Amino acid sequence: MPRPVKRMTLAPALLIAIFALTELSPRVSGQTAAPGFPSKANGEWSSYNSDIKGSRYMPFDQINASNFNQLEVAFRLKTDNLGPRPEYKLEGTPLMVKGTLYMTAGTRRSVVALNAKTGELKWVYGMDEGRRAEMAPRVLSGRGLSYWTDGKGDERIIYVTIGYRLVQLNAKNGQPIANFGKGGVVDLKEGVVYGKLVNGKWQQVQIPLVEGEIGTNSTPLVAGDTIVVQSAMAEGLRYEYTNNSKGLVRAYDVRSGKQIWRFDMMPGPGEFGHETWENGSWNWTGNTGVWTEMSADLEAGLVYLPGESPTIDAYGGNRPGNGLFAESLVAVDLKTGKRRWHQQVVHHGIWDYDLPGAPLLMDVTIDGKPRKIVGQPSKQGWLYTFDRITGEPVWPMPEKAVPQSDVPGEKSSPTQPFPSKPPVFSRNYLATDDVIDFTPELRATALQNLKKYRWEQTPFVPYVIPNDKVLGSIQVGNTMGGVNWPGSSFNPETGIFYTQANNSSVSGATLSHEYFEKIRPENNPNHIAIWEAPGFAQPGFEAPSTSGYRAPSAGGGGGGGGGANPLTAGLGGLPIIKPPYGVITALDMNSGTLKWQVPHGDTPDAVRNSPLLKGMNIPKTGQQGIVGVVLTKSLVIVGDPQMTASPDRPRGAMLRAYDQQTGQEVGAVWMPAPQSGNPMTYMLDGRQYIIVAVGGGIYTSEYIVFALPQSQLRITTER
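The shown structure was predicted, so the numbers you read here are calculated from the model rather than taken from an experiment.

**Student:** How do you make sense of the overall build of the protein chain when you look at a structure like this?
**Tutor:** Across its full length, the protein chain holds 4 helices and 39 strands. Taken over the C-alpha trace, the protein chain has a radius of gyration of 24 Å; the compact-globule value for 719 residues is 27 Å, and the two agree within 12%. If you line up the protein chain on its principal axes, its C-alpha atoms span 70 × 70 × 55 Å. Put simply, the protein chain has 719 residues, and 64% of those count as buried. A sequence separation of at least 24 residues applies to 64% of the contacts in the protein chain between residues at least 6 apart. Carbon and sulfur atoms provide 53% of the accessible area of the protein chain, an area that totals close to 24700 Å².

Printed below as a string of structure tokens:
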């Protein structure tokens, strides 16, 4: 049984009238803001993405271009003691409701409540799940929490534990809600199935409640009085077992915890799309969950589910066919879970091009007509854009022929959809003009290295097995390119989409001979689930994160690509690709056009200090990495993804502000470590705050809260 760990200290009541703004937004429970419910007008950030449409927008302007550089640390929370060991990968985004900050933190995924004005601890809740947590595919503190209230004093915090339990807590004191599920807990592993041969026939059976692989580190979506919960498996491309838990999305009643509906992301016999899993591959294939954030349109009664890849990510010989609803955006009915429409943006995925961030629900004007659209950001650098009611592409999205795989047993899709608008927000293939050209010698070396690879100027170059002609295939975006879990943002007042993106994730992707021998279709033993493998969880066992698959080597940005990597041999540790290595991009969704794009982040140390570039004036390159942004009335705010040293400041990273109209950087403040979680902003007692999670490398994680000095607050009574 799980062992709850609770500590609680109540801070004095310090809530004062909250600074009022003019624009209202829907409350988390999905109705028009009213007394008792949180709203942006009250300065509250009550949903992971600020609202369930995914905007990450707050209409504040106290912190602006004229004073961003004056920000100071208001308070901070170090997470070292929230768990049996320190955390270095804090990805959380807090909530702020009624003067309280709520956040996940630490290696036990504790829930922490702080006074949002002072940082004083109010309460902490944690659950020790023992072996179940140790075996979980998604560990550490996760990305955040959900909030619900009935507007009459019943306030609840909702989250999913490391061991895949749905928990509800009283928002005021951190105690479990006794009448939700069983003592405040719903076991999400119950009802999850996988394929198993029983007496020579495939059957879908319940996964083990301890070892069975499924979980999530994303936040449940609270839409109205419904909680929608996603599912995810282990990270990365390294599965050697085609079988695994089948991905699904389920909805629960917010008061009782009773399941309302389930949507199987891999449709079974008789269900729409089942025939796309050819040769009976549905029986044994796993994954295909929703591992990232979801969004909802309460007026339309729709929830939008961004689908992930099936097992095995980089090889589909064991699962021929397009495989719905992998790499698909699926709109389902909020009340029933029935599919309304879907669009598969990658057919028969073999690139790890799962949909990584929350869909953005945008109301814009296109060709003089109001349109309700949904934009799905991607690792490929495309914003796939559809009418969010009908699912039809907003702009043409033709199917085009793509290169075919020559890996034995693979049956790659002959075509893929190519959006015509908006333009890519990051590179999605390595063009000849994108190859490093700091000096003629470096460019010549890079071009010579590229001759050793299958290099085609398209996002859809298949993996290869190394041979005497090629060492691998050149891919951009399949691992850490474009947008990842931090997602993107949208200003509903202007119709502009904003995102940070990794612009330099280049890899020489291979399926090693050893790995292919394990996963090839004739190798039936790989149809077992990993927890049924001989020696599972014993010392020396190769789990998905350490299997025989050779991960693509990062030859891309930010000083990446070193050692014996033949892709970057002779480049002195420099990227094979030109700057910018990381970018901020603004797209006008009223016209589907590029508004601006600028590098994000200081030039990495390995580039600035390279002896091969000595004496050269290298413009700001931006940095490789993935980080999320937050929007205010006029600013795009986002931290650096890397640490750098500079003559005018200590080694660290910067939290930066860009003008939304021009992309000009208008301010920056120092942080001791790179941004690791999405930033957010809130207003309390007339003061605007920005909170961001940082950590990584040797720096243990913490939340840092910035605000203007009290002496310099601009007090404005008219809004």
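Let us keep going from here.
**Student:** Help me understand the pattern of salt bridges in this model?
**Tutor:** Working definition: two side chains of opposite charge can pair if their charged atoms are close together. Evaluation of the coordinates by the stated rule reveals 38 salt bridges. Arg-156 is the partner of Asp-154 in a salt bridge, and the nearest nitrogen-oxygen pair spans 2.9 Å. A residue is classified by how much of its surface remains accessible, and Asp-154, at 23% relative accessible area, is partly exposed. With a relative accessible area of 5%, Arg-156 lands in the buried category. Between Asp-602 and Arg-649 there is a salt bridge; the shortest N-O distance is 2.9 Å. Placement of the pair is Asp-602 in the loop between strand 31 (593–599) and helix 4 (605–608) and Arg-649 in strand 35 (residues 649–659), with a sequence separation of 47 residues. The exposure class assigned to Arg-649 is buried, which follows from its relative accessible area of 14%. Overlapping salt bridges, with partners in common, bring together Asp-602, Lys-620, Asp-640, Arg-649, Arg-656 and Glu-665 in one network.

**Student:** Hey, could you run me through the sheet that holds strand 31 in this one?
**Tutor:** Two modes of strand pairing occur in sheets, parallel and antiparallel, and in both the strands are linked by backbone hydrogen bonds. Taking strand neighbours across the sheet as the criterion, the 4 strands line up as 27-28-30-31 in an open arrangement whose pairing is antiparallel. Every other strand in the sheet has two partners, leaving strand 27 (489–491) and strand 31 as the edge strands with one partner each. Looking at each pair of strands side by side, their axes are set apart by 20 degrees on average, direction ignored. Pairing of strand 28 (residues 496–502) with strand 30 (residues 582–588) involves 7 bridges; the strand directions are antiparallel. Directly across from Ile-496, in strand 30, lies its bridge partner Asp-588.

**Student:** Explain the packing of aromatic side chains here, please?
**Tutor:** For any pair of aromatic rings, the description consists of the separation of the ring centres together with the inter-plane angle of the planes. For the coordinates displayed, the defined rule picks out 17 aromatic pairs. Ring centres 6.2 Å apart and planes at 50 degrees place the aromatic pair Tyr-102 and Trp-123 in the tilted group. Pair noted here: Tyr-102 is in strand 4 (residues 100–105) and Trp-123 is in strand 6 (residues 121–128), with a separation of 21 residues, a long-range link. For Tyr-102, a relative accessible area of 3% gives the class buried. Judged by its relative accessible area of 1%, Trp-123 falls in the buried class.

**Student:** What is the right way to look at the pairing of strand 19 (residues 328–333) in this model?
**Tutor:** Regular strands place their side chains on alternate faces of the sheet. Within strand 19, 6 of the 6 residues are buried, which leaves the element mostly enclosed by the surrounding structure. Taking every second residue as pointing to the same face, both faces of strand 19 are buried, with Ser-328, Val-330 and Val-332 on one and Leu-329, Ala-331 and Asp-333 on the other. Relative to strand 19, strand 18 (residues 302–306) is paired through 5 bridges, and the arrangement is antiparallel. Along strand 19, the bridge assignment pairs Leu-305 with Val-330. In the sheet, strand 19 pairs with strand 20 (residues 339–344) via 5 bridges, with the strands oriented antiparallel. Each bridged residue has a counterpart across the sheet, and for Val-332 the counterpart in strand 20 is Arg-339. The antiparallel hairpin formed by strand 19 and strand 20 contains 5 residues in its connecting segment, where Gly-337 sits at a positive phi of about 80 degrees.

**Student:** How do you make sense of the sheet that holds strand 19 when you look at a structure like this?
**Tutor:** Spatial ordering of the open sheet is given by 17-18-19-20, a layout of 4 strands whose pairing is antiparallel. Sheet topology places strand 17 (295–297) and strand 20 at the edges, where each strand pairs with a single neighbour. Direction aside, the axes of adjacent strands within the sheet are offset by 20 degrees on average.

**Student:** I would appreciate a short explanation of empty space enclosed by the protein in the present structure.
**Tutor:** Empty space among the atoms becomes apparent when a probe as large as a water molecule is rolled across them. This structure, assessed with the given rule, holds 5 cavities of 30 Å³ or more. As a volume, the largest cavity reaches approximately 140 Å³. Lining the largest cavity are 19 residues, and of these Ser-47, Tyr-48, Thr-219, Pro-220 and Leu-221 sit closest to its centre. At the level of elements, strand 7 (146–149) and strand 13 (221–223) are the ones that each hand at least two residues to the lining of the largest cavity. A class-by-class count of the residues in the lining of the largest cavity yields 9 nonpolar, 8 polar and 2 charged.

**Student:** Quick question: what am I supposed to make of helix 2 (residues 440–450) here?
**Tutor:** For an α-helix, 3.6 residues make a turn, and residues three or four places apart therefore share a direction. Along helix 2, the residues that are buried comprise Leu-442, Ala-446, Asn-449 and Leu-450. In a view along the axis of helix 2, the buried residues occupy a sector of 100 degrees, so they form one face of it. Of the exposed residues in helix 2, the ones pointing more than 90 degrees away from its buried face are Pro-440 and Glu-441. In this fold, the buried residues of helix 2 make contact with strand 26 (473–476).

**Student:** Would you explain the nonpolar core in this entry?
**Tutor:** The nonpolar side chains of a soluble globular protein tend to be buried with one another. In terms of nonpolar packing, the biggest core is built from 61 residues, with Phe-68, Leu-101, Tyr-102 and Tyr-682 touching the most fellow members. When residues in this core are grouped by element, the largest group, 6 residues, is from strand 38 (residues 687–696). Among all residues touching Tyr-102, those that are not within four sequence positions of it are Pro-94, Leu-95, Val-97, Val-112, Ala-113, Trp-123, Leu-145, Ile-157 and Ala-171.

**Student:** In this structure, what is going on with unusual backbone geometry? I would like to understand it.
**Tutor:** Excluding glycine, residues mostly have negative phi values, and the peptide bonds linking residues are mostly trans. The omega angle of the peptide bond from Leu-324 to Phe-325 is 5 degrees, so this bond is cis rather than trans. Within the secondary structure, Phe-325 sits in the loop between strand 18 and strand 19. Residue Pro-580 follows Pro-579 across a cis peptide bond; omega there is 0 degrees. Relative to the elements of secondary structure, Pro-580 occurs in the loop between helix 3 (513–519) and strand 30. At Arg-109, a residue that is not glycine, the phi angle is positive and equals roughly 55 degrees. Looking at where Arg-109 falls in the secondary structure, it is placed in the loop between strand 4 and strand 5 (110–115). A positive phi is found at Asp-367, a non-glycine position, where the angle reads about 55 degrees. Mapped onto the elements, Asp-367 comes out in the loop between strand 21 (360–366) and strand 22 (369–377). Using a relative accessible area of 74% as the deciding quantity, one classes Asp-367 as exposed.

**Student:** Help me out: how do you make sense of the side chain of Thr-288 in this one?
**Tutor:** Counting through the fold element by element, Thr-288 comes out in the loop between strand 16 (259–264) and strand 17. A distance of 3.4 Å separates a polar side-chain atom of Thr-288 from the backbone oxygen of Gly-286. Ignoring any residue separated from it by four or fewer positions in sequence, one finds Thr-288 in contact with Gly-247, Met-265, Met-266, Trp-277, Glu-308, Ser-309, Pro-310, Phe-325 and Ala-326.

**Student:** For this particular structure, what's the right way to read the confidence of the model for the protein chain?
**Tutor:** If pLDDT is low for a region, its predicted coordinates should not be looked at in detail. Confidence in the prediction of the protein chain, expressed as mean pLDDT, is 91, and 91% of residues score 70 or more. Every residue in residues 5–32 is under pLDDT 50, and counting partners more than four places away or in other chains gives 85 contacts. Counting contacts from residues 546–563, a segment whose pLDDT is below 50, to residues more than four positions away or on other chains yields 67 contacts.

Conventions we followed
Residues numbered from 1 in each chain as written. Predicted model: local features only at pLDDT ≥ 70, side-chain atom pairs only at ≥ 80, totals over all residues. Heavy atoms only, no water. Helix = DSSP H or I, 4+ residues; strand = E, 2+ residues; numbered from the N terminus. Rg over C-alpha atoms; globule rule 2.2 N^0.38 Å. Buried < 20%, exposed > 50% of the residue type's maximum accessible area, 1.4 Å probe, protein only. Contact = heavy atoms within 4.5 Å. Areas by Shrake-Rupley, 256 points an atom, 1.4 Å probe, with all protein chains shown as cover. Salt bridge = Lys/Arg side-chain N within 4 Å of Asp/Glu carboxyl O. Pairing = 2+ DSSP bridges. Axes fitted to C-alpha atoms, helices over the stretch in contact; angles between N-to-C directions. Phe/Tyr/Trp six-rings, centres within 6.5 Å; stacked < 30°, edge-to-face > 60°. 1 Å grid on protein atoms, 1.4 Å probe; cavity = no way out; pocket = protein on both sides within 12 Å on 5 of 7 lines; lining within 4 Å. Points joined across faces, edges and corners; volume = space filled by probe spheres on them. Nonpolar A, V, L, I, M, F, W, Y, C, P; charged D, E, K, R; others polar. Arc of directions from axis to C-beta. Core = buried A, V, L, I, M, F, W, Y, C linked by side-chain atoms within 4.5 Å. Polar contact = N/O pair within 3.5 Å; in protein donor to acceptor, adjacent residues only side chain to side chain. pLDDT = per-residue confidence, 0-100.

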